[in-house]
Amino acid sequence: MPLARSLSVTSLSGLEDWDEEFDREDAVLFEIAWEVANKVGGIYTVIQTKARLTCEEWGENYFLVGPYMESNVRTQVELIEPCNPALRRTIDKMNSSGCKVYFGRWLIEGSPYVILLDVGFTAWSLDRWKSELWEKCSIGVPWFDREANDAVLFGFLTAWLLGEYAAQCDEPPHIVAQFHEWLAGLGLVLCRQRQLPVATIFTTHATLLGRYLCAGNVDFYNNLAEFNVDKEAGDRQIYHRYCLERAASRCAHVFTTVSQITAIEAEHLLKRKPDIVTPNGLNVKKFSAMHEFQNLHAQSKSRIQEFVRGHFYGHLDFNLDKTVFLFIAGRYEFCNKGADVFLEALARLNYLLRVNHSEVSVIAFFIMPARTNNFNVETLKGQAVRKQLWDTAQTVKERFGKKLYESLLVGQLPDVSKMLDKEDFTMMKRAIFATQRQCLPPICTHNMLEDSSDPILNCIRRIGLFNSAQDRVKVIFHPEFLSSTSPLLPMDYEEFVRGCHLGVFPSYYEPWGYTPAECTVMGIPSISTNLSGFGCFMEEHIADPSAYGIYILDRRFRGVDESCNQLTSFLFQFCQQSRRQRIIQRNRTERLSDLLDWRYLGRYYVSARHMALAKAFPDTYIYEPQATGFRYPRPASVPPSPAHSLHSSPHHSEAEDEEEPYDEDLEAEKDRVNIRQPFNLTNRNKNHTGLPEKN
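Cut-off values and rules
- Residues numbered from 1 in each chain as written.
- Predicted model: local features only at pLDDT ≥ 70, side-chain atom pairs only at ≥ 80, totals over all residues.
- Heavy atoms only, no water.
- UniProt positions renumbered as here; feature names shortened; annotations may be inferred.
- Buried < 20%, exposed > 50% of the residue type's maximum accessible area, 1.4 Å probe, protein only.
- Helix = DSSP H or I, 4+ residues; strand = E, 2+ residues; numbered from the N terminus.
- Pairing = 2+ DSSP bridges.
- Contact = heavy atoms within 4.5 Å.
- Axes fitted to C-alpha atoms, helices over the stretch in contact; angles between N-to-C directions.
- Phe/Tyr/Trp six-rings, centres within 6.5 Å; stacked < 30°, edge-to-face > 60°.
- Lys NZ or Arg CZ within 6 Å of the ring centre and 35° of its normal.
- Parallel < 35°, antiparallel > 145°, perpendicular 65-115°, else oblique.
- Left-handed = near helix turned anticlockwise from the far one by under 90°.
- Nonpolar A, V, L, I, M, F, W, Y, C, P; charged D, E, K, R; others polar.
- Right-handed = clockwise from strand over helix to strand, strands pointing away.
- Disulfide = S-S within 2.5 Å.

For the protein chain, the name recorded in an unreviewed UniProt entry is Glycogen [starch] synthase, with Danionella cerebrum as its organism. A UniProt comment under Sequence similarities (unreviewed entry) is attached to the protein chain, and it reads "Belongs to the glycosyltransferase 3 family." Quoted straight from UniProt, the Pathway (unreviewed entry) entry for the protein chain says "Glycan biosynthesis; glycogen biosynthesis."

Participant: Tell me what's going on with the pairing of strand β1 (residues 27-32), and back it up with residues and numbers.
Facilitator: Counting buried positions along β1 yields six of six residues, so the element is predominantly enclosed. Residues Ala27, Leu29 and Glu31 line one face of β1 and the alternating positions Val28, Phe30 and Ile32 line the opposite face, and both faces are buried. Where β1 lies against strand β6 (residues 174-180), six bridges are found, and the strand directions are parallel. Looking across to β6, one finds that Phe30 is bridged to Ala177.

Participant: Outline unusual backbone geometry, listing residues and values.
Facilitator: Its identity as a non-glycine residue notwithstanding, Ala37 has a phi of 55°, on the positive side. Among the structural elements, Ala37 can be located in the loop between β1 and α1 (42-58). Backbone geometry at Lys271 places phi at a positive 65°, although glycine is not the residue there. Judged by its relative accessible area of 38%, Lys271 falls in the partly exposed class.

Participant: I'd like a rundown of the sheet that holds β6, residues and numbers included.
Facilitator: Spatially, β3-β4-β5-β2-β1-β6-β7-β8-β9 is the arrangement adopted by the nine strands of the open sheet, whose pairing is mixed. Of all strands in the sheet, those bounded by a partner on one side alone are β3 (77-79) and β9 (276-277). In this fold α1 packs onto β1, β2 (62-67), β4 (101-106) and β6, with an angle of close to 155° to the strand it touches most, β2. Against the sheet, helix α6 (residues 181-193) engages β1, β6 and β7 (198-204), with an angle of about 155° to β7.

Participant: Hey, could you go over the packing of aromatic side chains for me, with residue numbers and the actual values?
Facilitator: Using the criterion set out here, one finds 29 aromatic pairs in the structure. Between the aromatic rings of Phe327 and Tyr493, the centroid separation amounts to 6.4 Å while the plane-to-plane angle is 75°, which identifies the pairing as edge-to-face. Note that Phe327 is positioned in strand β10 (residues 323-329) and Tyr493 in helix α17 (residues 493-499), a separation of 166 residues in sequence. Assessed through its relative accessible area of 0%, Phe327 is described here as buried. Take Tyr493: its relative accessible area is 23%, and that puts it in the partly exposed class. Ring centres 5.3 Å apart and planes at 45° place the aromatic pair Tyr551 and Phe570 in the tilted group. Here the residue Tyr551 occupies a position in strand β17 (residues 550-553), and Phe570 occupies one in helix α20 (residues 560-576), the gap between them amounting to 19 residues. When its relative accessible area of 7% is taken as the criterion, Tyr551 is described as buried. Each residue in the set Phe307, Phe325, Phe327, Phe365, Tyr493, Phe496 and Phe505 is aromatic and connected to the rest through ring pairs, giving one cluster. Here Lys50 stacks its cationic end above the ring of Tyr605, 4.7 Å away from the centre of that ring.

Participant: Give a description of the packing of helix α12 (residues 339-355) against α20 that names residues and reports values.
Facilitator: In contact at an axis separation of 8 Å, α12 and α20 are set at 50° when each is read in the N-to-C sense. Relative to α20, the element α12 lies oblique. In terms of crossing hand, the pair formed by α12 and α20 is right-handed. Across the interface between the two elements, Val341, Phe342, Glu344, Ala345, Leu346, Arg348, Leu349, Leu352 and Leu353 from α12 touch Val560, Asp561, Cys564, Asn565, Leu567, Thr568, Leu571, Phe572 and Cys575 from α20. Its residues assigned to classes, the contact of α12 with α20 shows 13 nonpolar, two polar and three charged.

Participant: Mind laying out the pairing of strand β11 (residues 361-367), listing which residues take part and the relevant values?
Facilitator: The buried count for β11 comes to seven of seven residues, which makes it a mostly enclosed element. Burial along β11 is two-sided: the residues Ser361, Ile363, Phe365 and Ile367 and Val362, Ala364 and Phe366 are all buried. Across seven bridges, β10 lies against β11 in parallel orientation. The residue bridging Thr323 from the neighbouring strand is Ser361, located in β11. For the handedness criterion, the β-α-β arrangement of β10, α12 and β11 is classed as right-handed. Direction of pairing for β11 relative to strand β14 (residues 473-478): parallel, over a ladder of six bridges. Residue pairing for β14: Val362 is matched across the bridge by Val473.

Participant: Run through the sheet that holds β10, naming residues and quoting values.
Facilitator: Read from one edge of the open sheet, six strands run β14-β11-β10-β15-β16-β17, paired in parallel fashion. Each end of this open sheet is capped by a strand with a single partner; those strands are β14 and β17. Each strand axis lies, on average, 25° off the axis of its neighbour in the sheet, ignoring direction. As defined by bridge partners, strand β15 (residues 502-504) adjoins strand β16 (residues 526-529) across two bridges and the pair is classed as parallel. Residue Gly503 lies in a different strand from β16, and its bridge partner there is Ser526. Packed on one face of the sheet, helix α18 (residues 514-521) meets β10, β15, β16 and β17 and runs near 145° to β16.

Participant: How would you sum up the state of the cysteines? Please name residues and give values.
Facilitator: Put plainly, two cysteines are in a disulfide when a covalent bond ties their sulfur atoms together. Taken as a whole and assessed by the stated rule, the structure comprises zero disulfides. Looking at Cys564, it has no disulfide partner, and the nearest cysteine sulfur is the one in Cys459, 9.3 Å off. On the basis of relative accessible area, Cys564 is assigned to the buried category, the value being 3%.

Below you can see the structure in the form of C-alpha cells.
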C-alpha cells in the first residue's frame, strides 16, 4: 500500500519559506495528556521536550493539564498561585465544588504552567459520570478496567475545567485544547457534546487497536483494510477504550498523528484521515566544534570497554579496538521492536565474519526491561575481577615507579631484571589465575524470573550465540533500564548511546521511534525500518539516507527472511568500515540533527492549532493551506549529498582509505545548503491571519 499524501499532510518541504503568522494574543492554549509531569511512556518525552518552544510561542497563555501524582509533584512541580485571574477563579470554584485542582510550574526546560487534577479525590463521582457517558455518548465502561475508569474521571474533570474557564472569562475567549491519546480523549468528546467554545485537536501517537493487533503477530499492514475493527476490539476486551479513542478522533476539529505510517493506520482503524502529521522532535544541543561530540563518543566508548573487559574476563580473546558495539533498546516487545529479526541477523552476521576471517568482533547489547530478581552473580564477579586486576596493576606500577625513580636519582640506569622482585611476580600470577573461568561469559546480566519462557533467551538458545571463543558476535542482554548508579554498568542511557557505534531498531510496529532519533542527534548511525515513523520521515526527506548513517530496512514489501538478509548486509557492510570512515559517517549523521529539532517540527503544531482555531472561530481566524504543500529542497545526490562519495561504501584497504580526499568543513558547508539552520520564534503581528505569500 503506497504512502498516500493528503493536502495538509506535508513533509519538511518548504520550511524555509513557510512563516505562518496569526493573532494569538487573545487565545489560550491548553495541552492535555495523562503524561504531564507523569512519566509513563514516550508521550512524556514529546511534551517535555516541546514545552520550551511552546512557552516561547504562547508565553503566559500556555497551560499543561495532567493528573495529580503526589510522588511526581514532590520532585517535578513547584506549586504556586495562578497569575491569570480567570484561571484563579476557575480553580477556586472547582475546589469549592468537591475537586482538588493544583497549579504550579513544571520544573523542566521552559518552566511551563501545569494544572494537575486529582482524579482519586473525585472517584465518588465515577458512577454518576459513567451513567452520563452512557446516556450522552452510548459508551459503557466496565468497573474492572481501572485505566479506563481513570480516563473517565480525567475526561470529565478536564471538560469541567475548560467549561468553567470559559464561563469565568470577562470576554468570550478563544480556547485551543490539544488532547493526547485516548486517556485524555474523553475530555474532547465532552467539550463538543456540551458545545463549549473550544477549538479541539486530538493527537494519537499510536492507535490502541494497532498495538494490540501487532502484539498478536498478525500480518497487520497488508490487512489494514480488511479488519473488522469492532470485532477485533471486542475480542481483545478493549471495545470501550476503542470507542473513546474513535469518538475523540471523529469529534475533534483537527485530527493529527505523528507519522505517515500511523496516518494510514488511523484512517483504517479510526475511520478518519488525519488532517496534519505532527512529527516528534527533540531539543537539539549543538556543539561549537565538530570534534566535541566525537570526544564524547570516545569517552563513553572507553567506559563500555571497561564493562566488556570485566564481563568477558577469562575469554577476552578479541581485540577491543576492533570491536563494534551495537544496541537495541526500548519496551520489551519481542516482535514489534524487531528483536527477533535482529537476533536472526546477528546469527547470519556471525557466520559471515567467521567465513571471511574478519578481525572485527561485534558485541550486541539488548537493553529491554524484563522481570528479574537481582544481578547475575557471575556478571558481578566479572566486574570485581576486573577491578582486582586493575588494583594489582596499579600496585606493581607504583613499586616499579619508585625503584625507577630511586635509580635515576643516583644517576644510574635501572637494571630491568631487578625492577620486579619475586613478590611482584607472585602478585601478578595470582591475578592471572583469578581470571581463569570454567564457564562461558553470561548472556544475561540479571537473574530472569521467567528464564525458560523468555523470548530473547529462547531465540539465543535456538541460534546458538553463547559467547564462545569461536563466535565473532557476542550478545549481552541487560533486562533493566540503564542508570548511572548501577554497580554493574554505571552509565545513563544517553552516555551509553554515545559510546556505541550503531543503534539497530528493526521494528515492525513503531509509530514514531524516539530511539533512532536520539541516536541521530548524538551523531550515532542507526538502522530503522520503513514501518517506523522515523524511518519513513528520513526516507522521504533525505536523498541518500544510508550515506548519512540512516539505514532504512524494508519490512513493508519484503518477507521476514528477506528483511533478515538485508539487515545482515547492512551490519556486515558497517563492520567492514575503517575507523576513519566511521568518524566521517558520524559527522554526517550529526548534521541531520537540525531536521529533528523542535524549532523545525514545532511548526506542524503551529499549523494544527491555527487550523483548529479557524474551524472553531471562522469569523476571527482564517486558515488557507497551500494546495501544493510546502516545498523544502531535498538534498541532491550531487554535489551536496555524500551519496556518491566513496566514503559511503565500506573499504577493504586502509591504504586506499588514506589516499581518498575528504574535507569535513567543505562537505558540511555543502550540506548546510539543504539542511538549514532552525528558525527562531518571534512575536507574531496582530491582525495577520493568513499564510504569507511565497517569494
